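# Working through the structure, step by step
Residues per chain are reported as follows:
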Amino acid sequence: MAALSVYAAMVLWTLPTIAREAGALPAFDLRPFGYSEAEARAFLTALSAEGRALYTGPQRVLDLFYPALLGISLIGPVLWLVRSGLWRAVFIGVILAATASDYLENYLVSGLLAGDIQAHAIFAASRMTMLKSALDSCAFVIVLVLSTRAGLKKWKKT
């Protein structure tokens, strides 16, 4: 519930407001396929002072809690639905990698917002956004498949 509350605050408040303050350009976090150097520079140029303050203030605070809360929310079902063993370790590893990549993305994006707009910094932040997005997708699929499988097993027993 905590992860959902933080996510709702980001999706309903900070991220749409940041986009409005950047001329309708989406925040870095909302570009799962990454962004080019030109796109990053365009966003940073269009971002107003108010948008930058929101991105580096409340959004950063929310994004400090969200990856950990999401990771905990996803690891719970894996612990519950998968007996100990290799698959359990692999699934938890994917979720932990997703969480770590989200924090690294946040760190790299904070560098861009602070003015480190060298090409290599933009490239690194973009690639981390892509990695985070891919790993998050894998983590969601893992939990969805495990939950569906458990539900079908229970349904077949009745």
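Each remark here, short or long, concerns the structure printed above.
Quick look at the structure, then. Computed from a predicted model, the values in this text were never measured in an experiment.

## Remarks on the layout of surface pockets
Within this model, the largest pocket holds a volume of roughly 340 Å³. Lining the largest pocket we find 18 residues, and of these Tyr7, Asp29, Tyr66, Lys132 and Asp136 sit closest to its centre. At the level of elements, helix H1 (2–20), helix H4 (58–81) and helix H6 (119–157) are the ones that each hand at least two residues to the lining of the largest pocket. Here the element with the most residues in the lining of the largest pocket is H6; it accounts for 5 residues. For the lining of the largest pocket, a count of residues per class yields 9 nonpolar, 3 polar and 6 charged.

## Let's talk about the pattern of salt bridges
Enumeration over the complete set of coordinates arrives at 2 salt bridges. Here Glu37 makes a salt bridge to Arg41, at a shortest N to O gap of 2.8 Å. Here Glu37 and its partner Arg41 are both found in helix H2 (residues 37–46), 4 residues apart, which amounts to about one turn of the helix. We classify Glu37 as partly exposed; its relative accessible area is 36%. Looking at Arg41, the relative accessible area reads 30%, which means it is partly exposed.

## Focus on the packing of H1 against H4
Packed helices, taken two at a time, are described by their axes: the angle between them and the distance between them. At their nearest, the axes of H1 and H4 sit 9 Å apart, and the two run at 145° to each other. Regarding H1 and H4, the two cross each other, and that crossing is left-handed. Across from Ala2, Ala3, Val6, Tyr7, Ala9, Met10, Trp13, Thr14, Leu15 and Ile18 in H1, the residues of H4 making contact are Pro58, Gln59, Leu62, Asp63, Tyr66, Leu69, Leu70 and Ser73. Residue composition of the contact of H1 with H4, by class: 14 nonpolar, 3 polar and 1 charged.

About the criteria used
Residues numbered from 1 in each chain as written. Predicted model: local features only at pLDDT ≥ 70, side-chain atom pairs only at ≥ 80, totals over all residues. Heavy atoms only, no water. 1 Å grid on protein atoms, 1.4 Å probe; cavity = no way out; pocket = protein on both sides within 12 Å on 5 of 7 lines; lining within 4 Å. Points joined across faces, edges and corners; volume = space filled by probe spheres on them. Helix = DSSP H or I, 4+ residues; strand = E, 2+ residues; numbered from the N terminus. Nonpolar A, V, L, I, M, F, W, Y, C, P; charged D, E, K, R; others polar. Salt bridge = Lys/Arg side-chain N within 4 Å of Asp/Glu carboxyl O. Buried < 20%, exposed > 50% of the residue type's maximum accessible area, 1.4 Å probe, protein only. Axes fitted to C-alpha atoms, helices over the stretch in contact; angles between N-to-C directions. Left-handed = near helix turned anticlockwise from the far one by under 90°. Contact = heavy atoms within 4.5 Å.

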